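This is what each chain is made of:
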Amino acid sequence: CYQEQQMFTQAESLYQRQLSILYEQPNLNAREIGVALNNLAGNYERSGRIGQAIDIYGQALDVMTSDARTDPLGVSTTMGNLGHCLCLNNEHRKALSLLDKSLVIAKRYLPEDHIDVAKALHRLSSCCEQLGEVKRAMQLCEEAVAIASHCLPHNHSHIAVYLSQLASWQLRGCYWPSGTVC
């Protein structure tokens, strides 16, 4: 555990150094800064520092949306990351709004069977479940399973995670593959 924490600390230092260099550039590049902020926030998220991750993902989103040339898929990813952390932090309504927007962007710019669409669906599904919107959550998760099953190997971990969510609803008597909802 100590070694893992030490790795997060070392990575944090490198990400912050990267950001310092990017901010010193004469022509700020919103995309590069947004990606660097996303990386730093992801490091905080993985190390369990969700509050810090939320702050940095928020900064990344602000930077990325301030530049009209920013890649919309980068914005979608950042919205999804921020929404996921907000959901973990029990800020479900804020999370739901961002996750919905992230999914709309992903569906607009990616093929309908792209794994990033499945990930966006699954994150939104998880948030809906926490808000008690079980029927919507199940529909979103079923869609994620269908997409992931189409574009990933049959034994991929994402498929297993999505199926596990469906199985947990089935164990509670809320889900049957025919689409019947409790």
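Residues numbered from 1 in each chain as written. Predicted model: local features only at pLDDT ≥ 70, side-chain atom pairs only at ≥ 80, totals over all residues. Heavy atoms only, no water.

Asker: Just to check I follow, could you spell out helix α5 (residues 92-109) for this structure?
Answerer: An α-helical turn contains 3.6 residues, so any two residues separated by three or four positions project in the same direction. Between its terminal C-alpha atoms α5 stretches 26 Å, which fits the 26 Å expected from 18 residues at 1.5 Å a residue. Every buried residue of α5 is accounted for by His92, Ala95, Leu96, Leu98, Leu99, Ser102, Leu103, Ile105 and Ala106. Residues of α5 that are buried in the fold lie against α3 (50-65), α4 (72-88), α6 (115-130) and α7 (134-151). (Helix = DSSP H or I, 4+ residues; strand = E, 2+ residues; numbered from the N terminus. Expected span 1.5 Å × (residues − 1). Buried < 20%, exposed > 50% of the residue type's maximum accessible area, 1.4 Å probe, protein only. Contact = heavy atoms within 4.5 Å.)

Asker: Please clarify how unusual backbone geometry should be interpreted in this entry.
Answerer: If a residue is not glycine, its phi is most likely negative; likewise, a peptide bond is most likely trans. Residues other than glycine seldom take positive phi values, yet Asn90 does so here, at roughly 60 degrees. Summarising the element assignment, Asn90 is placed in the loop between α4 and α5. By relative accessible area, Asn90 is classed as exposed at 59%.

Asker: What is the right way to read the pattern of salt bridges from this model?
Answerer: Opposite charge on two side chains lets them pair, provided their charged atoms get close. Enumeration over the complete set of coordinates arrives at 8 salt bridges. A salt bridge links Asp67 to Arg69; the shortest N-O distance between them is 3.0 Å. In this structure, Asp116 and Lys119 form a salt bridge, with 3.7 Å as the shortest nitrogen-oxygen distance. One end of the pair, Asp116, and the other, Lys119, are both in helix α6, 3 residues apart, so they sit about a helical turn from each other. Salt bridges here are not isolated pairs; linked through shared partners, they connect Arg93, Asp100, Glu133 and Arg136. (Salt bridge = Lys/Arg side-chain N within 4 Å of Asp/Glu carboxyl O.)

Asker: What should I look at first to understand the side chain of Glu12 in this one?
Answerer: Tracing the chain through its elements places Glu12 in helix α1 (residues 2-24). According to the relative accessible area criterion, Glu12 is buried, its value standing at 14%.

Asker: Is there a simple way to explain the environment of Ser76 in this structure?
Answerer: Mapped onto the fold, Ser76 is located in helix α4. Its relative accessible area of 5% is what places Ser76 among the buried residues. The residues contacting Ser76, other than those within four sequence positions of it, are Ser102, Ile105 and Ala106.

Asker: So what exactly am I meant to see when it comes to the packing of α5 against α6 here?
Answerer: The relative placement of two packed helices is expressed as an angle between their axes plus a distance between the axes. For the pair α5 and α6, the least separation of the axes is 9 Å and the interaxial angle reads 160 degrees. Put simply, α5 runs roughly antiparallel to α6. Crossing handedness for the pair α5 and α6: left-handed. Here His92, Ala95, Leu96, Leu99, Asp100, Leu103, Ala106 and Lys107 of α5 lie close against α6, whose contacting residues are Val117, Ala120, Leu121, Arg123, Leu124, Cys127, Cys128 and Gln130. Its residues assigned to classes, the contact of α5 with α6 comprises 11 nonpolar, 2 polar and 3 charged. (Axes fitted to C-alpha atoms, helices over the stretch in contact; angles between N-to-C directions. Parallel < 35°, antiparallel > 145°, perpendicular 65-115°, else oblique. Left-handed = near helix turned anticlockwise from the far one by under 90°. Nonpolar A, V, L, I, M, F, W, Y, C, P; charged D, E, K, R; others polar.)

Asker: How do you make sense of the layout of surface pockets when you look at a structure like this?
Answerer: Remark: the empty space left among the atoms is shown by a probe the size of a water molecule rolled over them. Taken as a whole, the largest pocket holds about 440 Å³ of empty space. The wall of the largest pocket is formed by 20 residues, among which Gly80, Asn81, Lys119, Ala120 and Arg123 lie closest to the centre. Where the lining of the largest pocket is concerned, the elements lending two or more residues are α4, α5 and α6. It is α4 that provides the largest number of residues to the lining of the largest pocket, a total of 8 residues. (1 Å grid on protein atoms, 1.4 Å probe; cavity = no way out; pocket = protein on both sides within 12 Å on 5 of 7 lines; lining within 4 Å. Points joined across faces, edges and corners; volume = space filled by probe spheres on them.)

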